[in-house]
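Fold and geometry: a report
Okay, here's what each chain looks like letter by letter:
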Amino acid sequence: MRSVSGTLGIALVTALALGGCGGAKDKQPELMHLRSSTSGPDEFGILPTKPLAMPDSLTELPAPTPGGANITDPTPQADAVAALGGDPARVTGTGRATGDGGLLGHSGRFGTEAAIRDRLAAEDLQWRRDHDGRLLERLFNINVYLKAYAPMSLDQQAELERWRQQGLRTPAAPPSGTAQEALP
């Protein structure tokens, strides 16, 4: 009797463990496990609206468009341009300055892929799924972001040395860690 209940217990634990290993295929992998210790709202996720103001004439108001922009909607790109001393009226709804058409045309002269953002998002999602960490790292919420993207990181010192070997000046490059340690 003990043998049967022990076997059933082991089978139940094994089934539960294996059931917990399988995840939904559409689940987003989490490489960084950042959690807030408070239950309040995320203050960086809230954009304040502009203050309401009564116009001098109601005929100045734009015609309402379903799904369109509202006068009180936040415009972070235009606000940033204004804060830096630029003309926010020159920023279009796409976040590009209207005078940058020539620059954008020249940079895209060899062709551009219209769905590049969607393609890169799908490739990155697959990369994160492939490098989601080991079982214990996932169970204990260990951050594996830096390890997952390590093959894509730039070796700063090797790149600096490559530029210097080509005879190019790199005046803004900091000295290596060994050279900094040797300083008094």
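For every chain, the first residue of its written sequence is number 1, and the numbers climb from 1 along that sequence. Predicted model: local features are reported for residues with pLDDT of at least 70 only, side-chain atom pairs are reported and counted for 80 or more only, and whole-chain, interface and lining totals are derived from all residues. Side-chain descriptors were evaluated using all non-hydrogen atoms of the structure, hydrogens and water having been removed beforehand.

1. Focus on the pattern of salt bridges
Only one rule defines a salt bridge in this text: a Lys or Arg side-chain nitrogen within 4 Å of an Asp or Glu carboxyl oxygen. Tallied over the full model, the rule gives five salt bridges. Here Arg119 makes a salt bridge to Glu113, at a shortest N to O gap of 3.1 Å. On the basis of relative accessible area, Arg119 is assigned to the partly exposed category, the value being 37%. With relative accessibility at 39%, the residue Glu113 sits in the partly exposed group. Its salt-bridge partner being Arg162, residue Glu159 comes within 2.5 Å of it at the nearest N-O pair. Of this pair, Glu159 and Arg162 both sit in helix α7 (residues 156-165), three residues apart, roughly one helical turn. The rule is simple: take the accessible area with a 1.4 Å probe, protein chains only, and divide by the maximum for that residue type; under 20% is buried, over 50% is exposed, in between is partly exposed. Residue classification places Glu159 among the partly exposed residues on the basis of a relative accessible area of 22%. Only runs of H or I of at least four residues qualify as helices and only runs of E of at least two qualify as strands under DSSP, and these elements are numbered from the N terminus.

2. Details of the confidence of the model for the protein chain
For every residue, the predictor reports its confidence as pLDDT, a number between 0 and 100. Mean pLDDT over the protein chain stands at 80; residues scoring 70 or higher make up 88%. Across the protein chain, the element-wise mean pLDDT spans from 68 in helix α1 (residues 2-21) up to 93 in helix α4 (residues 116-130).

3. A word on the layout of surface pockets
Throughout, the protein atoms alone are placed on a 1 Å grid, and a set of points is a cavity if a 1.4 Å probe fits but cannot get out or a pocket if it is open with protein on both sides within 12 Å along at least five of seven lines; lining residues have an atom within 4 Å of a point. Grid points are joined across faces, edges and corners, and a volume is the space filled by probe spheres set on the points. Volume-wise, the second largest pocket comes out at about 320 Å³. In terms of lining residues, the second largest pocket is bounded by 14 residues, among which Leu61, Pro62, Asn70, Ile71 and Thr72 are the most central.

4. A word on a nonpolar patch on the surface
Residues enter patches when they are more than 30% accessible in relative terms and free of salt bridges; like-charged ones are connected within 9 Å and nonpolar ones (Val, Leu, Ile, Met, Phe, Trp, Tyr) within 5 Å. Only the protein chains shown count as covering a residue, and every accessible area follows the Shrake-Rupley method with a 1.4 Å probe. There is a patch of nonpolar side chains on the surface, built from Leu135, Leu136, Leu139, Phe140 and Ile142 and spanning about 530 Å² of accessible area. Along the chain, the position of Leu135 falls in helix α5 (residues 135-139). For Leu135, a relative accessible area of 42% gives the class partly exposed.

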